[in-house]
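Understanding the architecture of this molecule
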Amino acid sequence: MPNKTPSAPRCVALVGPYLAGKTTLLESILFATEAIPRKGTAKEGNLTGDSSPAARARKMSVEVNVASTTFMGEKWTFLDCPGSIEFAHEARSALMAADAAIVVCEPTVERAMTLAPLLKFLDDRQIPHLLFLNKIDDADIRVRDTLAALQAVSARPLVLRQVPIREGDTVTGYVDLISERAYHYKAGQASDLIPMPQTMAEREKEARQGLLEKLADFDDKLLEQLLEDTVPSKEDIYSHLARNLAADRIVPVLLGAAERDAGVRRLLKSLRHDVPEPSVTAARLGLKGAAPLAQVFKTQHAAHTGKVSVVRVWQGPIADGATLSDGSNSAKIAGITRLMGNAVTKQAKAETGDVVGLLKLEGVATGALLSAKGDAAAPAGESVGAWPAPPQPIFSLAVNAEKRGDDVKLSGALHRLSEEDPSLVVEHNADTHELLLWGQGEMHLAVAIDRLRSSYHVPVVSQAPQVPYKETIRKGVTQHARHKRQSGGHGQFADIKIEIRPLARGSGFNFEEKIVGGSVPRNFIPAVEDGVRDYLKRGPLGFPVVDVQVVLFDGQYHDVDSSDQAFMTAGGLGMREGMPKCDPVLLEPICKVAVTVPNEFTSRVQRLVQTRRGQILGYDAKAGWPGWDEVSAMLPQSEMHDLIIELRSATQGVGTFGWTFDHLAELTGKPAEKIIASRRPAEEKAKVAS
Ligand SMILES: Nc1nc2c(ncn2[C@@H]2O[C@H](COP(=O)(O)OP(=O)(O)OP(=O)(O)O)[C@@H](O)[C@H]2O)c(=O)[nH]1
Ligand SMILES: [Mg+2]
């Protein structure tokens, strides 16, 4: 029994690897708690979660699904999170609002690794979590082998709470290790209590002892009892479990098959016992402030309601029409909605513990801690309650509106998309003049691009972005340029002598003048510089020019015909004639990358980097990540576009990388020729061909 009836609704996030069965589990929970009359299935595409067109089309979750229900008189909200690593930020944001998490995973040894980044996040944030070993109906390996593989990636001890009963190849029920009762699964219903099968007695004793020993690691009294062979009471064991789970010291493991409703009611009962109340969670997160206090963990824009800020209410009540502030923006709530998959219903107020949508809080972002006066202190820095920063973008596409006139609409829509999902970043690249959409991978961007079309009615075309190549020169030249034109009235006259010189890599551009005796009058000198700078946008190879110095050292002028315009033209002319003689060379951007992988993949990653013209700088154990390495390398940016795709496929999806631009390096020979030819404008290509 729970020690006391919780005073407020609790919230649990369903997380875990891609396709482990989280949305199916949500459906089963809603069915078991009679929130829905019949279950949908992933196959039919009618689950309560995944009701958006994007999720249905892809048969996967692409955002958090929110649904509330009541179990044994207590209120619950479940946050069914997407499993794909590309939507991890969405899941992490939801985890910040939850009192506990259920990590749904499949009983496989090979894919245990895919849980590591998630478990690390949960432990770093001290989020109480239990494991639900789903698809136990399909499991062809022993639970203890799965558990051993999972233990290898969990910093906290896994505590098995049930052992499976097998009949032939299938798991048909379980023995609960605390009550020591045996149950037989029954589709769509609570499991049947059955007599303990004789074959199970030994396994049950051994597993129960294992459970007690793990709990005894955190309690001297229990340890003493075990040493004296005293059997602790059921109530004692329950309270040890609840206490250690709440403190994220242990990870209880339950078994089941969501699709058959097997083990789901048992799971709900243990949530009921063990999940901390919202006040405990708020204290863990360090969220302080007078009521009302709420935090936004998701932002949506819906056609019929406008902006929806989905919040966890840490201290209620919050009434419709109230004004809330995050400290810099305050906004009036224009409606409170209760969410159930895609269905929303209005309500007048929200209470402590609730998860609701607050409408039209303009200016308020995901992560914002809202209070009446905006004086609630949001935790920062290293604290467990600090809002998680979005991951660094690692994959990008250049996007264009399909229709020319849609450009303004597109930038508005992109702004909203990145407000909904801060792991989507929009960049106007100054070098390539492309509009870039950055995110976590192909699927992440494909879903965003779908949304542009379906929700914002801006169809876009996308392609791999251009690499911002540059060019420079390898030797200097002295160049004379004269611009002279006589055409009726005023003529134009400007004459300059310049020296063009290469500069050290990374110097950029430098203009100097060494005019003596006024051969070029002071007031015209800036015009010469303007003409030179204008030329630098596109050098002889067709790329922006860097690391060049131009010295204006002599020239001539005419009292009447000289002008700024004439000297500017002369500046450009001098460059156009001089630069091709300076041995121009292509420069390619090189990035410093730090690839993070489990160390069993380290050598594979090193080879991968090398085949991409990368230069390995070294590798080391990743700080704070036992069993993981960080491989540092210099990698040409042109090799980075699809790096994440290959890296994930080589590392069971868990490898990732961080990157920063490092330097420009000369690129010569065939690869350079190919790039230069491909960037030549169409008209020039035609000229070359004829
Ligand atoms: N055999 C079996 N299959 C299951 C069970 N639960 C879910 N599945 C199947 O697993 C697949 C994935 O189920 P989902 O519920 O969509 O998985 P998910 O974890 O929500 O997936 P993402 O949100 O995309 O990460 C579907 O084909 C389900 O039918 C189960 O208990 N047993
Ligand atoms: Mg799902």
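Residues numbered from 1 in each chain as written. Chains lettered and ligands numbered in written order. Predicted model: local features only at pLDDT ≥ 70, side-chain atom pairs only at ≥ 80, totals over all residues.

**What about the overall build of the protein?**
Applicable threshold: Helix and strand definitions here come from DSSP, where helices need a minimum of 4 consecutive H or I residues and strands a minimum of 2 consecutive E residues; each element is numbered from the N-terminal end. To sort residues by exposure, count the other C-beta atoms lying within 10 Å of each residue's C-beta; 20 or more gives buried, 12 or fewer gives exposed, and values between give partly exposed, all with C-beta atoms placed from the backbone. Our contact criterion uses C-beta atoms placed from the backbone: two residues qualify when those atoms are within 7 Å.
Along the protein, the regular secondary structure elements total 18 helices and 34 strands. Dimensions of the protein along its principal axes, counting C-alpha atoms only, are 110 × 60 × 50 Å. For the protein, with 690 residues in total, the buried portion stands at 43%. Relative to all contacts within the protein whose residues are 6 or more apart in sequence, the contacts with residues 24 or more apart total 73%.

**Some remarks on the sheet that holds strand S22 (residues 395–401)**
Rule in force here: Being paired, for any two strands, means DSSP has found at least two bridges between them. Interaxial angles span 0 to 180 degrees and are taken between N-to-C directions of axes, which are lines fitted to C-alpha atoms, for helices over the stretch in contact.
Judged by pairing direction, the sheet is antiparallel, and its 4 strands sit side by side in the order S23-S24-S22-S25 without closing on themselves. Each edge of the open sheet is held by one strand with a lone partner, namely strand S23 (425–428) and strand S25 (460–463). On average, each strand axis in the sheet is tilted by 35° relative to the strand beside it, whichever way the strands run. Taken together, the 4 bridges between S22 and S25 define a ladder with antiparallel strand orientation.

**Some details on the site of ligand 1**
Selection criterion: Being near a molecule or strand means, for a residue, that its C-beta atom, positioned from the backbone, comes within 6 Å of it. In the scheme used here, Gly and all other residues not listed as nonpolar or charged are polar, with Ala, Val, Leu, Ile, Met, Phe, Trp, Tyr, Cys and Pro taken as nonpolar and Asp, Glu, Lys and Arg as charged.
Close contacts around ligand 1 come from 22 residues, with Gly-21, Thr-24, Met-60, Ser-61 and Gly-83 the closest. Among the residues forming the shell around ligand 1, the class breakdown is 9 nonpolar, 7 polar and 6 charged.

**Looking at the environment of Gly-363**
Position of Gly-363 among the secondary structure elements: in the loop between strand S20 (355–359) and strand S21 (369–371). With 12 C-beta atoms counted inside 10 Å, the residue Gly-363 sits in the exposed group. Along the backbone, Gly-363 and Gly-40 are 323 residues apart, and their C-alpha atoms lie at a distance of 37 Å. When residues no more than four places from it in sequence are discounted, the contact partners of Gly-363 are Asn-329 and Ala-331.

**Observations concerning the packing of helix H6 (residues 201–216) against helix H7 (residues 220–227)**
The condition is simple: Angular relationships are summarised with four words: roughly parallel below 35 degrees, roughly antiparallel beyond 145, roughly perpendicular across 65 to 115, and oblique for the angles in between.
H7 packs onto H6 with a crossing angle of 140° between their chain directions and a minimal axis gap of 8 Å. Comparing the axis directions of H6 and H7 gives the class oblique. Every residue of H7 that contacts H6 at Leu-212, Glu-213, Leu-215 and Ala-216 is listed here: Leu-222, Leu-223 and Leu-226. Of the residues belonging to the contact of H6 with H7, the class tally is 6 nonpolar, no polar and 1 charged.

**Considering the environment of Thr-366**
Mapped onto the elements, Thr-366 comes out in the loop between S20 and S21. By C-beta crowding, Thr-366 is classed as buried, having 23 other C-beta atoms within 10 Å. Contacts of Thr-366, omitting those with residues within four sequence positions, involve Ser-93, Val-296, Phe-297, Lys-298, Thr-299 and Pro-422.

**Brief notes about unusual backbone geometry**
The omega angle of the peptide bond from Ala-291 to Pro-292 is -5°, so this bond is cis rather than trans. Considering the arrangement of structural elements, one finds Pro-292 in the loop between helix H10 (278–285) and strand S12 (293–302). Here the bond from Gly-316 into Pro-317 is cis, since omega is -5°, no more than 30 degrees from zero. Mapped onto the elements, Pro-317 comes out in the loop between strand S13 (306–315) and strand S14 (318–319).

**Let's talk about the pairing of strand S8 (residues 170–176)**
In terms of residue burial, S8 counts as a mostly covered element, since 5 of its 7 residues are buried. One ladder, built from 6 bridges, connects strand S7 (residues 162–167) with S8; its direction is antiparallel. Its bridge partner lying in S8, Ile-165 is registered against Gly-173. Hairpin remark: S7 followed by S8, antiparallel, with 2 residues in the connecting loop; positive phi at Gly-168, about 65°. With 4 bridges joining them, S8 and strand S9 (residues 181–186) adopt antiparallel strand pairing. Bridge pairing in S9 links Tyr-174 to Tyr-183. Between S8 and S9, which pair antiparallel one after the other, the connecting turn spans 4 residues, and Glu-180 there sits at a positive phi close to 55°.

**Considerations on helix H16 (residues 643–650)**
Applied cut-off: Directions are taken from the helix axis to each C-beta atom, and the arc is the one they span.
All of the buried residues in H16 are Leu-643, Ile-644 and Leu-647. Down the axis of H16, the buried side of the element spans an arc of 90°, and every buried residue falls inside it. In this structure, the buried residues of H16 make contact with S22, strand S31 (584–598), helix H15 (602–611) and strand S34 (656–667). Backbone geometry just after H16 places Gln-652 at a positive phi near 55°.

**Considering the nonpolar core**
Generally speaking, a soluble globular protein has its nonpolar side chains buried in company with each other. Let me state the cut-off plainly: We define a nonpolar core as a collection of buried residues of the types Ala, Val, Leu, Ile, Met, Phe, Trp, Tyr and Cys that are connected via C-beta atoms lying within 7 Å of each other.
Residues Val-12, Leu-79, Ala-98 and Ala-101 are the most contacted members of the largest nonpolar core, which totals 155 residues. For this core, the element with the highest residue contribution is S31, accounting for 7 residues. Excluding its chain neighbours within four sequence positions, the residues that come into contact with Leu-79 are Cys-11, Ala-13, Leu-14, Val-64, Val-66, Ala-94, Ala-97 and Ala-98. Judged by nonpolar contacts, the second largest core, of 24 residues, contains Ala-481, Ala-527, Ala-570 and Met-579.

**So, the sheet that holds strand S29 (residues 509–513)**
Strand order in the open sheet formed by 4 strands is S27-S28-S30-S29, and the pairing between neighbours is mixed. Both edges of this open sheet fall to strand S27 (477–485) and S29, since each of them pairs with a single strand only. With direction set aside, neighbouring strand axes in the sheet form an average angle of 25°. Looking at chain direction, S27 and strand S28 (residues 492–502) are connected through 9 bridges and run antiparallel. From the neighbouring strand, Thr-478 faces S28, where its bridge partner is Glu-499. The strands touched by helix H13 (residues 525–536) are S28, S29 and strand S30 (548–556); relative to S29, the strand with the most contacts, the crossing angle is about 155°.

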